[in-house]
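# Remarks on the overall topology
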Amino acid sequence: PPPAGGGGGGGWTHVVILAGTNDLGRAAKPGLVIRNLDQLRAVVARAGAEAVLVTVPEHRDERDSGPFFTKFREAKREVNEGIQALAAEHGLKLVDMHALVPASEGGGVELSEEQKACWDSDGLHLTPAGSRRLAELLHEALREDASAALAGGEE
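Just so you know, these numbers come straight off a predicted model, no measurement behind them.

Reading the values: the criteria
Residues numbered from 1 in each chain as written. Predicted model: local features only at pLDDT ≥ 70, side-chain atom pairs only at ≥ 80, totals over all residues. Heavy atoms only, no water. Helix = DSSP H or I, 4+ residues; strand = E, 2+ residues; numbered from the N terminus. Polar contact = N/O pair within 3.5 Å; in protein donor to acceptor, adjacent residues only side chain to side chain. Buried < 20%, exposed > 50% of the residue type's maximum accessible area, 1.4 Å probe, protein only. 1 Å grid on protein atoms, 1.4 Å probe; cavity = no way out; pocket = protein on both sides within 12 Å on 5 of 7 lines; lining within 4 Å. Points joined across faces, edges and corners; volume = space filled by probe spheres on them. Nonpolar A, V, L, I, M, F, W, Y, C, P; charged D, E, K, R; others polar.

Turning our attention to the side chain of Lys93. Structurally, Lys93 can be placed in strand S3 (residues 93-95). At 3.2 Å, the side chain of Lys93 forms a polar contact with the side chain of Glu50.

To continue, consider unusual backbone geometry. One non-glycine residue, Ala27, adopts positive backbone phi at about 65°. Mapped onto the fold, Ala27 is located in the loop between helix H1 (21-25) and helix H2 (30-46). For Ala27, a relative accessible area of 63% gives the class exposed.

Next up on the list: empty space enclosed by the protein. Here the structure, examined in full by the defined rule, presents one cavity of 30 Å³ or more. Its boundaries defined by the atoms lining it, the largest cavity holds a volume of some 30 Å³. Lining the largest cavity, in full, are Ile17, Leu37, Leu53, Val54, Ile83 and Leu86. When residues of the lining of the largest cavity are traced back to their parent elements, those giving at least two are strand S2 (50-54) and helix H3 (67-90). Residue composition of the lining of the largest cavity, grouped by class: six nonpolar, no polar and no charged.

Structure (structure tokens):
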């Protein structure tokens, strides 16, 4: 990969970290997932780039009341709280994909056709439309940073 940093090497300045979904699906403990994400963040920082953290998204079936999804929901809540805490602690950008790109209906929640179009039939993976939506959210987060820098909000 190219060197990190926007300096003379012309490398990348940001790295998006969207991870933890498969870990939770395999019943990994939330604390372990958060520690692993923090290690990824630290590797990115040592390389001279800034991590952009993304919360673990919904799964289409997670409103199911069975034991697997009951445990999954609780573990995912803990991981997403940990991701939010890491972003706050290190002053990183955060895209709350869980809140901004919903995947499941029920409990009074009904998805629009645009929201439904973001998710593959497995209810877990993004479609091309979903990938575009995530890219838009990431672009907004990074554009806010660039706007602040241009306005003199950052040094």
